[in-house]
Amino acid sequence: MSNNIQKLLQSIVAHGASDLHLVSRSKPQLRMSGKLKPINLPVLTGDDIEEMCYALLTEKQKLAFEENNELDFAVQLDGVGRFRANYYRALGDMAAAFRVIPLNIPSLDDLGAPEVYKRLIKREKGLILVTGPTGSGKSTTLAAMINEINETESKHILTAEDPVEFVHQNKKCVFSFRSVGEDTASFGAALKYAMRQDPDIILVGEMRDKVTISSALTAAETGHLVFGTLHTNSAPGTINRIIDVFGGDEQPQVRAMLSGSLVAVISQMLLPKVGGGRAAASEILVTNPAIANLIREDKVHQIYSTMQLGQGESGMQTQTQAMVKLVQSGAVGRETAMQYANKPEELRGLV
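Residues numbered from 1 in each chain as written. Predicted model: local features only at pLDDT ≥ 70, side-chain atom pairs only at ≥ 80, totals over all residues. Heavy atoms only, no water.

## Overview of the overall build of the protein chain
Logical step 1: Summing up its helical and strand segments, the protein chain has 15 helices and 13 strands in all.
Logical step 2: By the compact-globule yardstick of 20 Å for 351 residues, the protein chain fits well, its C-alpha radius of gyration being 21 Å.
Logical step 3: Referenced to the eigenvectors of the C-alpha coordinate spread, the extents of the protein chain come out at roughly 60 × 50 × 40 Å.
Logical step 4: Expressed as a percentage of its 351 residues, the buried residues of the protein chain come to 49%.
Logical step 5: A distance of 4 Å separates the average location of the 36 positive side-chain charges in the protein chain from that of its 39 negative side-chain charges. (Helix = DSSP H or I, 4+ residues; strand = E, 2+ residues; numbered from the N terminus. Rg over C-alpha atoms; globule rule 2.2 N^0.38 Å. Buried < 20%, exposed > 50% of the residue type's maximum accessible area, 1.4 Å probe, protein only. Lys, Arg positive; Asp, Glu negative; His and termini not counted. Charge placed at Lys NZ, Arg CZ, Asp CG, Glu CD.)

## Topic: the sheet that holds strand S3 (residues 35-38)
Logical step 1: Reading across the sheet, the six strands line up as S3-S2-S1-S6-S5-S4 and stay open at both edges, with antiparallel pairing between neighbours. Here the strands that pair on one side only, and so sit at the sheet edges, are S3 and strand S4 (70-77). Between one strand and the next, the sheet's axes are offset by a mean angle of 25 degrees, whatever the strand orientation.
Logical step 2: Bridging between strand S1 (residues 19-22) and strand S2 (residues 29-32) involves three bridges; their strand directions are antiparallel. Bridged to His21 within S2 is Gln29.
Logical step 3: Helix-sheet contacts for helix H3 (residues 59-68) involve S4, strand S5 (81-90) and strand S6 (93-101), and the interaxial angle to S4 is about 150 degrees. (Pairing = 2+ DSSP bridges. Axes fitted to C-alpha atoms, helices over the stretch in contact; angles between N-to-C directions. Contact = heavy atoms within 4.5 Å.)

## Some details on the nonpolar core
A general feature of soluble globular proteins is that nonpolar side chains tend to end up buried together.
Logical step 1: The biggest cluster of nonpolar side chains holds 62 residues, and the ones touching the most others in it are Met145, Phe227, Ile239, Leu258, Leu285 and Ile303.
Logical step 2: Leaving out residues up to four positions away in the same chain, Ile239 has contacts with Leu258, Leu262, Leu285, Ile295, Val300 and Ile303.
Logical step 3: Listed in part, the 28 residues of the second largest apolar core include Leu8, Ile12, Ile49 and Leu56. (Core = buried A, V, L, I, M, F, W, Y, C linked by side-chain atoms within 4.5 Å.)

## A few points about the pattern of salt bridges
Logical step 1: Summed over the entire model, instances satisfying the criterion amount to 15 salt bridges.
Logical step 2: Among the ionic pairs, Glu50 bridges to Arg89, the shortest N-O distance being 4.0 Å. Within this pair, whereas Glu50 is found in helix H2 (residues 46-53), its partner Arg89 is found in strand S5, the two being separated by 39 residues in sequence.
Logical step 3: Overall, Glu50 belongs to the partly exposed group, its relative accessible area being 30%.
Logical step 4: Where Asp298 meets Arg255, a salt bridge forms, and the shortest distance between an N and an O atom there is 3.8 Å. Of this pair, Asp298 sits in the loop between helix H11 (289-296) and helix H12 (303-309) while Arg255 is found in helix H10 (residues 251-261), placing the two residues 43 residues apart along the sequence.
Logical step 5: Taking the relative accessible area as the measure of exposure, Arg255 reaches 11% and is therefore buried. (Salt bridge = Lys/Arg side-chain N within 4 Å of Asp/Glu carboxyl O.)

## Topic: H10
Logical step 1: Of all the positions in H10, only Gln251, Val254, Arg255, Met257, Leu258, Ser259 and Ser261 are classed as buried.
Logical step 2: Elements in contact with the buried residues of H10: strand S7 (126-131), helix H8 (210-221), helix H9 (235-244), strand S12 (262-272) and H11.

## Focus on unusual backbone geometry
Logical step 1: Of note, the bond from Asp162 into Pro163 is cis; its omega dihedral lies within 30 degrees of zero at -5 degrees.
Logical step 2: By the secondary structure assignment, Pro163 is in the loop between strand S8 (156-161) and strand S9 (174-179).
Logical step 3: Positive phi outside glycine occurs at Ser33, with the angle close to 50 degrees.

## Notes on the sheet that holds S7
Hydrogen bonds along the backbone pair up the strands of a sheet, which may run parallel or antiparallel.
Logical step 1: One open sheet holds the seven strands; their spatial order is S9-S8-S10-S11-S7-S12-S13, and the pairing between them is mixed. Sheet topology places S9 and strand S13 (278-286) at the edges, where each strand pairs with a single neighbour. The sheet shows a mean angle of 15 degrees between the axes of neighbouring strands, taken without regard to direction.

## Structural notes on the side chain of His168
Logical step 1: Position of His168 among the secondary structure elements: in the loop between S8 and S9.
Logical step 2: Accessibility expressed as a relative area gives 8% for His168, which makes it buried.
Logical step 3: Once residues lying within four places of it in the same chain are set aside, the contact partners of His168 are Ile105, Ala143, Ile146, Asn147, Asn150, Phe175 and Phe177.

Given below as structure tokens:
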């Protein structure tokens with residue numbers, strides 16, 4: 001393995017960064033507290049990147065990258081950490097992005113997660129979605145929820161990921177980690193055969209397509225607790241995204257399935273904190289009879305106002321309400337919150 005790539009990956013961990021970017025005609029860049037910062041090294045060429053990055057690949061992975069010009073995989077360096085990697089080409093040159101996956105999986109308390117998360121994971125069946133843009137901490141939140149189950153319940157947890165990110169140690173639970181492309185052909189295939197593998201809980205790394213979403217809904221309906229992620233920015237938007245994947249004649253059935261199986265949607269955004277670091281603003285939708293009826297009756301546009309009113313013991317909150325708490329506690333500046341808000345006018349009226 002090239003010492004150069006190992007040293008660069010060590011630098012991510014040493015600087016407390018989240019990502020490393022290697023792009024030709026640029027110095028290596030670290031993402032720290034959400035912002036890119038160059039490493040004081042020479043500008044890279046495509047050949048530099050290829051020489052370093054090929055050192056991490058198996059022969060099978062090299063062939064896959066050369067055929068597709070894209071490659072997702074995970075790599076673990078002893079004594080350093082675990083990383084999710086994406087190799088791609090830009091203007092013909094090889095480029096790479098690495099994301100740190102902590103070896104020590106945080107607890108929900110470590111993350112300062114709302115108490116409602118601990119109630120949600122006690123459910124025996126249904127669909128729990130954690131959504132947000134790239135880099136919003138979805139995988140970390142899911143890992144903390146799964147870790148809580150591992151500490152307290154005796155379950156068989158099956159994951160389908162591309163690639164496998166957090167590797168949990170068997171505590172009370174037994175884990176079957178399946179990497180798409182290595183251990184199974186696709187998310188859809190993994191979910192199809194999961195029914196014969198006796199899982200209690202299924203984690204779907206990304207609900208990308210109709211087959212995966214349909215399979216996840218069926219699994220949630222048939223007595224499994226299913227966790228999944230989508231790249232959506234709000235809880236109602238997540239519901240619309242799922243329904244819109246299907247054709248018009250299929251949508252009534254999908255709404256009926258979703259109204260009966262959806263447990264919660266957690267939509268995350270990471271905001272820069274005052275003084276450094278980042279804080280999560282989480283919009284939390286917890287399905288109750290009123291919300292289930294709105295989904296079934298194709299009135300998703302009314303869910304947001306129901307979330308504003310239906311707080312109580314449910315643990316629900318809108319993104320605006322989460323941001324108000326962050327601003328009022330002094331964790332996040334007012335202008336920063338305004339910049340990231342889905343509904344800045346509503347936020348302005350409250351802060």
